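# Close look at the chain arrangement
Residues per chain are reported as follows:
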Amino acid sequence: MGEKKNYIVVSLSGGKDSTAMLIRMIELGEHIDEVIFCDTYKEFPAMYKHIEKVKAVVESIGIKFTILKNDKSFDYMMLEYRPENAKGFFGKYQNLKGKSWATNQVRWCTKEMKMKVIGKHLRELAKQYTIIQCVGIAADEYRRIERKGNNEKNKRLPLVEWGWSEADCLKYCYGKGYDWGGLYEIYDRASCWCCPLQSLKSLRNLQIHFPDLWEELKDMESKTWRKFRADYSVADLEKRFAFEEERKKNNLPIKGKDFYKQLNQRLCA
């Protein structure tokens with residue numbers, strides 16, 4: 001049996017770094033066999049528009065563009081999923097449905113909606129080819145660069161090779177006409193909008209700039225058994241954000257002992 005042919009796969013998350021990597025590789029005339037984007041079902045609407053724009057560019061020059069997704073939707077996995085051995089999976093929660101919100105300890109969404117889906121696709125390709133996967137990790141993302149999984153022989157980090165920082169990537173994308181409908185003017189990172197692990201700042205921005213998605217977030221929480229975050233439900237966050245605005249109007253700080261004392265009183269009322 002002969003040696004397998006190399007097959008160059010570019011992993012596109014849709015964010016500034018992977019977009020910059022892909023467009024620059026095309027600009028440099030680098031060989032790409034396939035671009036893959038994994039749809040979590042919970043990307044920002046502007047991200048889906050961005051992906052379609054990039055897809056059109058990629059396909060116009062004859063490169064294969066594949067959109068991957070779990071056969072089961074995010075909502076199904078979160079609200080309806082039941083393992084065969086429910087008792088073993090849920091323990092005392094065995095009568096509950098769905099995986100509910102992700103936690104720091106159990107990030108099921110990343111595993112089920114991305115890692116497993118991408119891994120399955122690459123394993124199928126590996127039956128025929130030697131896969132070289134290009135991943136959009138910026139040169140100043142030191143912790144990600146050092147991870148063992150990103151230093152495997154079949155992984156390539158073009159942005160690191162070029163010395164491109166996250167800021168470089170965003171500037172480059174803007175210069176090429178990619179603006180994500182202004183997402184990066186609101187967020188530092190444009191990941192799943194419903195993630196409970198995002199910062200309070202990001203959640204404030206979600207409520208302010210995407211009220212329709214905020215209403216959907218409330219609806220999701222009403223259908224599941226775990227509180228949105230360990231510290232706040234979605235309803236609690238609404239109360240906190242409203243309280244912060246009141247304090248700002250009265251030139252009062254939104255941190256410190258007095259703030260948290262009064263906030264707790266409001267949350268418990």
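Look up a bit, the structure's there.
For the structure given in this document, a descriptive report is provided here. (Residues numbered from 1 in each chain as written. Predicted model: local features only at pLDDT ≥ 70, side-chain atom pairs only at ≥ 80, totals over all residues. Heavy atoms only, no water.)

For the rest of this paragraph, the subject is the overall build of the protein chain. Counting secondary structure elements, the protein chain contains 13 helices and five strands. Taken along its principal axes, the extent of the C-alpha atoms in the protein chain is 70 × 50 × 35 Å. Summarising the internal contacts of the protein chain: among those between residues at least 6 apart in sequence, 63% fall at separations of at least 24. Entry remark: accessible area of the protein chain is about 15200 Å², with carbon and sulfur atoms responsible for 50%. Seen as two clouds, the 49 positive and the 38 negative side-chain charges of the protein chain have centres 5 Å apart. (Helix = DSSP H or I, 4+ residues; strand = E, 2+ residues; numbered from the N terminus. Contact = heavy atoms within 4.5 Å. Areas by Shrake-Rupley, 256 points an atom, 1.4 Å probe, with all protein chains shown as cover. Lys, Arg positive; Asp, Glu negative; His and termini not counted. Charge placed at Lys NZ, Arg CZ, Asp CG, Glu CD.)

With that settled, consider the pattern of salt bridges. For the structure shown, the criterion picks out 25 salt bridges. A salt bridge links Arg 229 to Asp 231; the shortest N-O distance between them is 2.9 Å. Looking at Asp 231, the relative accessible area reads 39%, which means it is partly exposed. When salt bridges that share partners are traced, they join Lys 16, Asp 17, Glu 141, Arg 144, Glu 166 and Arg 189 into one network. (Salt bridge = Lys/Arg side-chain N within 4 Å of Asp/Glu carboxyl O. Buried < 20%, exposed > 50% of the residue type's maximum accessible area, 1.4 Å probe, protein only.)

Inspection of the secondary structure puts Glu 244 in helix H12 (residues 234-249). If near-sequence neighbours (up to four positions away) are discounted, Glu 244 is found in contact with Arg 204, Ile 254 and Phe 259.

Each pair of packed helices gets described by two things: the angle between the helix axes and the distance between those axes. Between H12 and helix H13 (residues 257-268), the shortest axis-to-axis distance is 10 Å and the interhelical angle comes to 135°. When the interaxial angle is binned, H12 and H13 end up oblique. The handedness of the crossing between H12 and H13 comes out as right-handed. Contacts between H12 and H13 involve Asp 236, Lys 239, Arg 240, Phe 243, Glu 244, Glu 246 and Arg 247 from the first element and Asp 258, Phe 259, Tyr 260, Gln 262, Leu 263, Arg 266 and Leu 267 from the second. For the contact of H12 with H13, a count of residues per class yields five nonpolar, one polar and eight charged. (Axes fitted to C-alpha atoms, helices over the stretch in contact; angles between N-to-C directions. Parallel < 35°, antiparallel > 145°, perpendicular 65-115°, else oblique. Left-handed = near helix turned anticlockwise from the far one by under 90°. Nonpolar A, V, L, I, M, F, W, Y, C, P; charged D, E, K, R; others polar.)

With that settled, the discussion passes to the packing of aromatic side chains. Under the definition given, this model contains twelve aromatic pairs. Taken together, the ring pairs in this structure connect Phe 44, Tyr 187 and Phe 210 into an aromatic cluster. Sitting above the plane of the Tyr 76 ring, Lys 72 keeps its charged end 5.1 Å from the centroid. (Phe/Tyr/Trp six-rings, centres within 6.5 Å; stacked < 30°, edge-to-face > 60°. Lys NZ or Arg CZ within 6 Å of the ring centre and 35° of its normal.)

This part covers the environment of Gly 175. If you trace the backbone, Gly 175 turns up in helix H8 (residues 166-175). The spacing of Gly 175 and Ala 230 is 55 residues in sequence and 41 Å in space, taken between C-alpha atoms.

Time to look at unusual backbone geometry. One non-glycine residue, Ser 100, lies in positive phi territory at about 60°. For Ser 100, the location among the structural elements is in the loop between helix H4 (86-90) and helix H5 (108-126). Despite not being glycine, Asn 251 shows a phi value in the positive range, around 55°. Along the polypeptide, Asn 251 turns up in the loop between H12 and H13. Overall, Asn 251 belongs to the exposed group, its relative accessible area being 72%.

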